[in-house]
Amino acid sequence: PSVLVRRGALYLLGTCAEGCTESLTSNLDTVVPWLIKGFADPSLEIRIAACFAMMHISEFCQPEVTEHYEELLPSIINTLQDGHALVQRRGCLALDAFCESLGAELEPFVASIMQHLSAL
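Residues numbered from 1 in each chain as written. Predicted model: local features only at pLDDT ≥ 70, side-chain atom pairs only at ≥ 80, totals over all residues. Heavy atoms only, no water.

### Digging into the environment of Cys 92
Moving on, step 1. Mapped onto the elements of the fold, Cys 92 is located in helix H6 (residues 85–99).
Moving on, step 2. For the pair Cys 92 and Ile 76, spaced 16 residues apart in sequence, the C-alpha to C-alpha distance is 8.3 Å.
Moving on, step 3. Aside from chain neighbours lying at most four places away, what touches Cys 92 is Leu 80, Leu 117 and Leu 120. (Helix = DSSP H or I, 4+ residues; strand = E, 2+ residues; numbered from the N terminus. Contact = heavy atoms within 4.5 Å.)

Written as structure tokens, this is what we have:
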């Protein structure tokens, strides 16, 4: 699909998180791979949209989304290394929203998160 279609799909996912939480939560096994692909997309617009979607999904689909922390955290952390400041900023927002409900699961990632944050 084109960049516009992929970007629109990610923004739609993020927007639907508030109004369609139950439906989105029950489909996280399908949604998570899309987010991960979005974080690594060559298009700047797609990476920004993936961060937007992650931030909103993290806010409204707790605690179910945190069950995917092993898959999602490395991808979210990688946005902090992005060559574009806007992706880095949005990645920080997504990371903040996602980590808010994590407890001990976050411990193995703290060193990596701090290393990436200190490099900003």
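### Remarks on the side chain of Asp 41
Moving on, step 1. Here Asp 41 is to be found in the loop between helix H3 (28–39) and helix H4 (44–60).
Moving on, step 2. For Asp 41, the residues in contact, after removing those within four places along its chain, are Arg 6, Ile 46 and Arg 47.

### Some remarks on the nonpolar core
Nonpolar side chains in soluble globular proteins generally cluster together in the buried interior.
Moving on, step 1. Among the nonpolar cores identified, the biggest contains 32 residues, and Leu 35, Met 54, Ile 57, Leu 72, Leu 73 and Phe 98 are the most heavily contacted of them.
Moving on, step 2. The set of elements that each furnish at least two residues to this core consists of helix H1 (3–19), H3, H4, helix H5 (69–79) and H6.
Moving on, step 3. The greatest single-element share of this core, amounting to 7 residues, is contributed by H4.
Moving on, step 4. Leaving out residues up to four positions away in the same chain, Met 54 has contacts with Leu 35, Phe 39, Val 65, Leu 72, Ile 76, Ala 94 and Phe 98. (Core = buried A, V, L, I, M, F, W, Y, C linked by side-chain atoms within 4.5 Å. Buried < 20%, exposed > 50% of the residue type's maximum accessible area, 1.4 Å probe, protein only.)

### Thoughts on a nonpolar patch on the surface
Moving on, step 1. A cluster of nonpolar side chains, namely Val 110, Met 114, Leu 117 and Leu 120, defines an oily patch on the protein surface of about 340 Å² accessible area.
Moving on, step 2. Among the structural elements, Met 114 can be located in helix H7 (residues 110–118). (Patch = residues over 30% accessible without salt bridge, like charges linked within 9 Å, V, L, I, M, F, W, Y side chains within 5 Å. Areas by Shrake-Rupley, 256 points an atom, 1.4 Å probe, with all protein chains shown as cover. Salt bridge = Lys/Arg side-chain N within 4 Å of Asp/Glu carboxyl O.)

### A look at the packing of H1 against H4
Moving on, step 1. Running from amino to carboxyl end, H1 crosses H4 at an angle of 15°, the nearest separation of the two axes being 7 Å. Between H1 and H4, the angle is such that the two are roughly parallel. As for how H1 packs across H4, the hand of that crossing is left-handed. Counting all contacts with H1, which are made through Val 3, Arg 6, Arg 7, Leu 10, Tyr 11, Leu 13, Gly 14, Thr 15, Ala 17 and Glu 18, the residues of H4 involved are Glu 45, Ile 46, Ile 48, Ala 49, Ala 50, Phe 52, Ala 53, His 56, Ile 57 and Phe 60. (Axes fitted to C-alpha atoms, helices over the stretch in contact; angles between N-to-C directions. Parallel < 35°, antiparallel > 145°, perpendicular 65-115°, else oblique. Left-handed = near helix turned anticlockwise from the far one by under 90°.)

### A few points about the environment of Val 3
Moving on, step 1. Relative to the elements of secondary structure, Val 3 occurs in helix H1.
Moving on, step 2. A C-alpha to C-alpha distance of 31 Å links Val 3 and Gln 115, two positions 112 residues apart in sequence.
Moving on, step 3. Discounting chain neighbours no more than four positions away, the residues touching Val 3 are Ser 43, Glu 45 and Ile 46.

### Examining the state of the cysteines
Moving on, step 1. Summed over all chains, the structure comprises 0 disulfides.
Moving on, step 2. Note on Cys 51: no disulfide assigned, nearest cysteine sulfur contributed by Cys 92 at a separation of 9.1 Å.
Moving on, step 3. The class for Cys 51 is buried, based on a relative accessible area of 1%. (Disulfide = S-S within 2.5 Å.)

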